Amino acid sequence: MRPHLLHLTAAAAALALLPSAASASGAVASGSAASGFTITDPRIKESSGLAASRIHPGVYWTHNDSDDGPYVYAVDSATGKTVARITLTGIGTPRDIEGISLGPDGRLYVGDIGDNRGGSWNHVWIYRFAEPKTLRDATLKAEQFTVKYADGPRNAEALMVHPVTGRVYIASKDERAGGLYEGPETLSASGTNTFRRIGDVPWVTDGAFSPDGGRLALRGYLWAKTYPWKDGRPSGDGEAVAAPWQGQAESVTYTADGTTLMFGAEGADSRVVAVPVASAAKPSPSSSATGAPAPSPGAPATPEDGSFTKGAFVLVAAITLTLAAKRLLRRRPKA
C-alpha cells in the first residue's frame with residue numbers, strides 16, 4: 001500500500017471526530033486482549049495477510065506486501081515475536097504479495113496478486129510451499145503458478161484456499177465492482193490458471209474460510225462479514241462482524257479451532273485483534289435478492305441507519321478521498 005502517510009493522516013483526522021466508534025473499537029480490543037497480540041518484528045512493517053498454523057499452536061504466518069522480497073514470517077502469538085523467516089526460492093521476484101492461506105494439504109499459498117496501478121499486470125502469481133514442521137529460519141523451494149482473470153486484469157488483496165476442497169479463490173479490490181473469483185479445480189504449474197468471476201463483493205482487503213469450510217469471512221477497511229458457504233458459493237447477505245477500527249486494515253483469519261476471527265493491520269508494531277465468532281456476528285439486513293455478497297456494510301450509512309455518528313460520515317469521506325489520491329500517485333511512473 002502506498003503512500004501510507006496520506007491514508008493514516010486522513011484516517012487519524014477523521015477518527016478524532018469519532019469518539020463513539022473509537023470507544024467501541026477499544027472495547028472489542030480490550031475484551032479480547034488475552035487472545036490478541038502485537039507483531040514486534042521490526043522487519044514486518046506492512047503485514048498484509050494472516051494464516052493460522054495447524055501444526056504449530058498459536059503461530060500465525062504473515063508477510064509484508066511490496067518491496068520486501070520472497071519472505072514469509074511465522075509469528076508466535078504468545079510473545080508477538082517471529083519464530084521463523086522463510087525465504088522462498090524457485091520463483092521470480094515478487095511484485096506485491098497481498099494474501100496467504102493454508103490449504104488442506106498442509107501447504108501455504110502466497111498470493112502475489114496486488115496491482116496498485118489498477119489492473120495493469122496481464123498476470124499475477126501464486127506461490128505454494130509445505131508448511132515446515134520445524135520453526136526456524138530456512139530457505140524453501142516453492143511452486144509458482146501463473147494466474148489470469150477471465151474478464152481481464154485487476155487489483156486484488158484477498159486469497160482464500162478452501163480447507164476441504166483445496167480450491168483457490170481470489171477477491172478483487174474495486175470500489176465500484178469487486179468480484180469473487182474461483183480458480184481451477186487443480187492449479188497447474190506448467191500453464192496459465194484462469195480464475196472466473198462467481199459473484200460480487202464489496203471493497204475487500206482480505207478474506208478467510210473457517211477451518212471446517214462452512215463459512216467465508218471477508219473484510220474491508222470499514223466492515224467485515226461472514227457468509228455461509230454452500231455448493232461452492234457464498235450464500236445470502238451474510239452476518240456483520242464487529243471488526244475493530246484499524247486504519248490500514250489488511251488481514252483476517254480464523255484461529256485454528258474456528259472460534260475466533262483475528263484481524264490484522266499494516267504498520268510497525270501492528271496489533272492483531274481477536275474477535276470471538278459467536279459473540280461478534282449478528283444478522284445483516286437483506287439488501288440483495290440474488291444471494292450474492294452485498295456491498296452494504298462497506299458503504300456509508302444513511303441518516304436512517306442510526307448506527308453511525310456524523311463522524312462516521314467524515315471517516316468514510318476521508319478514506320475515500322485518500323484512496324483516490326493514492327490511486328493517482330500509484331499511477332505515476334517510478335523515477
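Quick caveat, the model's predicted, so the values are computed rather than measured.

Reading guide: rules and limits
Residues numbered from 1 in each chain as written. Predicted model: local features only at pLDDT ≥ 70, side-chain atom pairs only at ≥ 80, totals over all residues. Heavy atoms only, no water. Helix = DSSP H or I, 4+ residues; strand = E, 2+ residues; numbered from the N terminus. Buried < 20%, exposed > 50% of the residue type's maximum accessible area, 1.4 Å probe, protein only. Contact = heavy atoms within 4.5 Å. Areas by Shrake-Rupley, 256 points an atom, 1.4 Å probe, with all protein chains shown as cover. Pairing = 2+ DSSP bridges. Polar contact = N/O pair within 3.5 Å; in protein donor to acceptor, adjacent residues only side chain to side chain. 1 Å grid on protein atoms, 1.4 Å probe; cavity = no way out; pocket = protein on both sides within 12 Å on 5 of 7 lines; lining within 4 Å. Points joined across faces, edges and corners; volume = space filled by probe spheres on them. Nonpolar A, V, L, I, M, F, W, Y, C, P; charged D, E, K, R; others polar. pLDDT = per-residue confidence, 0-100.

Let's talk about the overall build of the chain
Argument step 1. For the chain, the helix and strand inventory stands at four helices and 23 strands.
Argument step 2. In the chain, which comprises 335 residues, the proportion classed as buried is 50%.
Argument step 3. Put simply, of all contacts in the chain between residues at least 6 apart along the chain, 57% involve residues at least 24 apart.
Argument step 4. Total accessible area computed for the chain in this model is approximately 14,300 Å², and 56% of it derives from carbon and sulfur atoms.

Considerations on the sheet that holds strand S1 (residues 37–38)
Argument step 1. Sheet architecture is open: four strands sit in the order S1-S22-S21-S20, paired in antiparallel fashion. Looking at which strands have only one partner, the edges of the open sheet turn out to be S1 and strand S20 (249–254).
Argument step 2. In the sheet, S20 pairs with strand S21 (residues 260–265) via five bridges, with the strands oriented antiparallel. Looking at S21, one finds that tyrosine 254 is bridged to leucine 261.

A closer look at the environment of tyrosine 181
Argument step 1. When you line up the elements, tyrosine 181 lands in strand S13 (residues 178–182).
Argument step 2. Given a relative accessible area of 0%, tyrosine 181 falls into the buried group.
Argument step 3. Along the chain, tyrosine 181 and arginine 196 lie 15 residues apart, while their C-alpha atoms are 5.1 Å from each other.
Argument step 4. In this view, tyrosine 181 contacts Tyr149, Asp151, Arg154, Val168, Tyr169, Ile170, Ser172, Phe195, Arg196 and Arg197; residues no more than four positions away in its chain are not counted.
Argument step 5. Reaching out from tyrosine 181, the side chain makes a polar contact with the side chain of aspartate 151 at a distance of 2.8 Å.

A look at the side chain of glutamate 266
Argument step 1. Counting through the fold element by element, glutamate 266 comes out in the loop between S21 and strand S22 (271–276).
Argument step 2. Residue class for glutamate 266 comes out buried when judged on its relative accessible area of 10%.
Argument step 3. Reaching out from glutamate 266, the side chain makes a polar contact with the side chain of serine 48 at a distance of 3.1 Å.

Section: empty space enclosed by the protein
Argument step 1. Scanning all chains against the criterion turns up two cavities of 30 Å³ or more.
Argument step 2. The computed volume of the largest cavity comes to approximately 220 Å³.
Argument step 3. What lines the largest cavity is a set of 20 residues, among which Arg54, Leu102, Phe209, Thr253 and Tyr254 lie closest to the centre.
Argument step 4. Looking at the lining of the largest cavity, the elements that each hand over two or more residues are strand S2 (51–52), strand S6 (99–102), strand S11 (156–161), strand S15 (206–209) and S20.
Argument step 5. When grouped by side-chain class, the residues that make up the lining of the largest cavity number 14 nonpolar, five polar and one charged.

Regarding the confidence of the model for the chain
Argument step 1. Put simply, the chain has an average pLDDT of 80, and 73% of its residues get 70 or more.
Argument step 2. Here residues 2–34 is a poorly scored stretch, pLDDT under 50, and it has 47 contacts once near neighbours within four places are set aside; other chains count.
Argument step 3. Low confidence marks residues 282–335, where pLDDT is under 50. Its contacts with residues over four positions away, or in another chain, come to 85 contacts.

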